[in-house]
Each structure stands twice: as structure tokens, then as C-alpha cells.
Amino acid sequence: MKFDKEFLHGILIILLFALAAFYIGDFEVVKSMSFSPMIVGIVLGMIYANTLRAALPATFTPGIQFCSKRILRLGIILYGFRLTLQDVTEVGIPAIIVDALMVTITICGGVMVGKWLKMDKEISLLTSVGAGICGAAAVLGAESALRVKPYKTAVAVSTVVIFGTISMFLYPVLYRNGVFSISPELMGIFTGASVHEVAHVVGAGNAMCESVGSVAIIVKMIRVMMLVPVLLVISYTVARKASKSDAPGKINTPWFAILFLVVIVLNSFIPLSDSVRNGINTFDTFLLTMAMTALGAETSFDKFKKAGSKPFVLALILFCWLIVGGYLICKYFIPIMM
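Numbers given to residues run from 1 along each chain, matching the order in which its sequence is written. Reporting in this predicted model follows two pLDDT cut-offs: at least 70 for local features of residues, and 80 or more for side-chain atom pairs to be given and counted; totals over whole chains, interfaces and linings ignore these cut-offs and use all residues. With hydrogens and water stripped out, all remaining heavy atoms of the structure feed into the side-chain values.

**Examining the side chain of K220**
To keep things clear, this is the line we draw: Starting at the N terminus, helices and strands are each numbered in turn, a helix being any DSSP run of H or I of at least four residues and a strand any DSSP run of E of at least two. Buried residues are those whose accessible area, probed at 1.4 Å on protein chains only, stays under 20% of the maximum for their type, while exposed residues exceed 50% and partly exposed ones sit between those limits. The criterion used for residue contact is that any of the two residues' heavy atoms lie within 4.5 Å.
Turning to its location among the elements, K220 is positioned in helix α11 (residues 210-225). On the basis of relative accessibility, which here comes to 0%, the residue K220 falls in the buried class. Ignoring any residue separated from it by four or fewer positions in sequence, one finds K220 in contact with I133, C134, G192, V195, H196, E197, V198 and V201.

**Description of the packing of helix α9 (residues 184-194) against α11**
This is how the line gets drawn: Geometry is summarised by axes, namely lines fitted to C-alpha atoms with helices restricted to the contacting stretch, and by angles between N-to-C directions that run from 0 to 180 degrees. When the near helix sits turned anticlockwise from the far one by under a right angle, the crossing is termed left-handed; a clockwise turn instead gives a right-handed crossing. Gly is placed with the polar residues, together with every amino acid not listed as nonpolar (Ala, Val, Leu, Ile, Met, Phe, Trp, Tyr, Cys and Pro) or charged (Asp, Glu, Lys and Arg).
Viewed as axis vectors pointing N to C, α9 and α11 meet at an angle of 35°, and their least axial separation amounts to 7 Å. Considering only the axes of α9 and α11, their crossing is right-handed. Contact residues: P184, E185, M187, G188, I189, T191, G192, A193 and S194 in α9; S211, V212, V215, A216, V219, K220 and R223 in α11. Of the residues in the contact of α9 with α11, the class split is eight nonpolar, five polar and three charged.

**Concerning the pattern of salt bridges**
Here is the rule: For this document, the term salt bridge refers to a Lys or Arg side-chain nitrogen within 4 Å of an Asp or Glu carboxyl oxygen.
All told, the structure shown has three salt bridges when counted by the stated rule. Note that K152 is salt-bridged to D120, the shortest N-O span being 3.0 Å. In this pair, K152 sits in helix α8 (residues 150-176) while D120 sits in the loop between α5 (85-116) and α6 (121-132), placing the two residues 32 residues apart along the sequence. Judged by relative accessible area, which is 32%, D120 ranks as partly exposed. Two residues, K152 and E122, come together in a salt bridge whose shortest N-O distance is 2.7 Å. Of this pair, K152 sits in helix α8 while E122 sits in helix α6; the two residues are 30 residues apart in sequence, bridging distant segments of the chain. With relative accessibility at 9%, the residue K152 sits in the buried group. The partly exposed category is assigned to E122, whose relative accessible area is 28%. In the salt-bridge network here, residues are joined through shared partners; they are D120, E122 and K152.

**Here we look at the nonpolar core**
Formally: Buried residues of nine kinds, namely Ala, Val, Leu, Ile, Met, Phe, Trp, Tyr and Cys, make up a nonpolar core once their side-chain atoms join them within 4.5 Å.
With 116 residues, the main nonpolar core has V129, I133, F180, M187, I189 and I234 as its most contacted residues. With twelve residues, α8 is the largest single contributor of residues to this core. Apart from the residues lying within four places of it in its own chain, the contact partners of M187 are Y171, Y175, F180, I182, M208 and V212.

**A few points about a nonpolar patch on the surface**
The criterion, for reference: Each patch is assembled from residues with relative accessible area greater than 30% and no salt bridge, linking like charges that lie within 9 Å and nonpolar side chains (Val, Leu, Ile, Met, Phe, Trp, Tyr) that lie within 5 Å. Shrake-Rupley sampling with a 1.4 Å probe provides the accessible areas, and residues are treated as covered by the protein chains on show and by no other component.
Taken together, the side chains of L85, L259, L261, V262, V265, L266, F269 and I270 present a nonpolar region at the surface, about 670 Å² in accessible area. Sorting elements by how many residues they give to the nonpolar patch places helix α13 (residues 255-269) first, with six residues. Mapped onto the elements of the fold, L266 is located in helix α13. On the basis of relative accessible area, L266 is assigned to the partly exposed category, the value being 42%.

**Describing α9**
The buried count for α9 comes to nine of eleven residues, which makes it a mostly enclosed element. The set of residues buried in α9 consists of L186, M187, G188, I189, F190, T191, G192, A193 and S194.

**Description of the side chain of T153**
Tracing the backbone through its elements, the reader meets T153 in helix α8. Classification of T153 as buried rests on a relative accessible area of 0%. Not counting the four nearest positions on each side in its chain, T153 is found in contact with L126, V139, L140, E143, V148 and L295.

**Description of the packing of helix α3 (residues 37-49) against helix α14 (residues 274-297)**
Spelled out, the test is: In what follows, roughly perpendicular refers to angles from 65 to 115 degrees, roughly parallel to angles under 35, roughly antiparallel to angles over 145, and oblique to any angle outside these ranges.
Running from amino to carboxyl end, α3 crosses α14 at an angle of 30°, the nearest separation of the two axes being 7 Å. With respect to each other, α3 and α14 are oriented roughly parallel. Here α3 and α14 pass one another in a crossing that is right-handed. Of the residues in α14, those touching α3 at P37, M38, I39, G41, I42, G45, M46, Y48 and A49 are T285, L288, T289, M292, T293, G296 and A297.

**Quick word on the environment of L74**
On the secondary structure map, L74 appears in helix α4 (residues 61-78). Residue classification places L74 among the partly exposed residues on the basis of a relative accessible area of 39%. Taking the C-alpha atoms as reference points, L74 and E90, separated by 16 residues in sequence, lie 28 Å from one another.

Here it is as C-alpha cells:
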């Protein structure tokens, strides 16, 4: 990779947009909607893609792509500092089983519905992974394993943002009005196992009560851990399909996912002060914001038109499944195991 002036200029412009995203993300109105700097970043990147991008040299592109791929992988690795193995033991086996069920059914079901809708296979998989695991971060991880075109990733992320935000406001309203008639502990498991983004889980959980929020976060983080086996399965499947064609069938091992798991283990046994951990997490959020901004910078509205409405139809179907299926599993299945 050639690190010339134009390459560095591409990185610099993404860096500036990421700094702006952090600044905007600190506005009270943005915080109230639980929009992370990552979400602000992809919006700024898309604005740039549809306005200034055409006026800047094409030689900036390698630097932008470096941010959307290499910096993305580093960000996912460092994401492991948010998780510990101790988190898993706090919620018990039933919550882990519910997470596994929700992730498996959402991804497999989403792919099947995508086929029924005759969608682009990569967009349907990215959308399903985002809904099933941890929103934008999961989409980014799957994108890195699949190596798809950036606009497909942006389409999948946009569905996560829309329906995750709706969930964040909808769950507290339905819970407070008795529609979700389950205990706070079960509500926490339901919220953590079905709401898209980590930020959305935090927002929804805190809007209900502390006991719901604390359980929801732990259950959500266990879902995040499931990103590793999902990426390994995706890489194996891609390699297997390639072996049946003229392309070589070498497995593209997602080493960043393995290192993500290693970081979780290290974080579980090596004590870090809160200030150090918060510093690492802030730096990690900034890296992921750069990656999201870079993906947005590769996405024009014409490419959204090319994707059509089907990704949003799929996301709506998955949204309904996560609410109805997740609630029924938590209300009737978990009590049997307890």
C-alpha cells in the first residue's frame, strides 16, 4: 500500500468528518435520541458523497477505503474491551440460550426472506446480521468478512438505524402501558435479545427502570460476543461457494474477529482502571466513527435507488419478528428453564 500525499489526504478528510461527528454527537438533542457518533459519521459521509466528493481528486479514494477496512477492523478488535466473560455468568444459561435462538433465527430467517423477496444476497445477509446481533458494528464486521461494495453496507446500516431507533422509543411505551406484561428481569432479557444497537438498548432500558436496563445491557453484550462464530460461519460459507465455482476456495479467516475474542478474554482477567477502560472505549468509538464515515463517503443516493425498497421491507419483517418472537420466547420459554 502506497502512503503518498493523496492517500494521507483521504484519511485526513475522514478524520475531520469523524471529529465533527463527535462534536455533533455531544449535542443534547442527538444524545436524547441515543444516536452515537458512528451514526452521525455515516450521515456526514453520505452528505459528502453526494455533494463535495465529485469535486475532489479520485486519488483520495485509497485513503478513504483504508479507513473503511483497516481502521474498521482495529475498531472491532478494541470493541472487546467493552465485554468480559463475567458478564455471561451474571445472567445465566436461559438468557444465553435466548440470545442464541434470536441470533440464529433472525439471520437464517432473514436470508430466507431475502430469497423470497429476490433481494441482493449480500444486502439481505448484512441486514439480517445487523438486526440479529448488534446493529451497525455487526454489519461492519460482516462487511469486512464478505468484502462487499460499500453502498450495500450503508443500506444495511440505515435499516438498523431506523428500526433500532423505533424500538428504543416503542419498548418503554409498551412496557409502561402493560402490553409487555413480564417481570423486569424478563423485560431486560427481552430488550437485550431483540433491540438492534447497543446504544438503543441503553436508551430503552434506562427509560424503563434500572433493573431492566442492567440486565438488558449484559444480555446485549452476550449477543455481541456471538459476532465471532457468525463471522467464522460466513467466511466458511463464502469459501465453500467459491470452491464450487472457478474461483479458489480459500477460507478468508476473519482474524479481527478472533482477536476481538482474545481481547474479551484479556479484559476479563487483566484489571484496568475505569479511566483507562473509558479512554480505550472512547478511542475505539472514534475509530469506528471513522470507518462509518468512510462507508458513507462511498455511498451516493443513486446507489440507494439501485438497492430499492426491498432491504427496508426485509428489515421491517425482522423488526416485527424480534418484537413478537422475542417477547413470546421470554414470556413462555424462559420460565420453563428457570
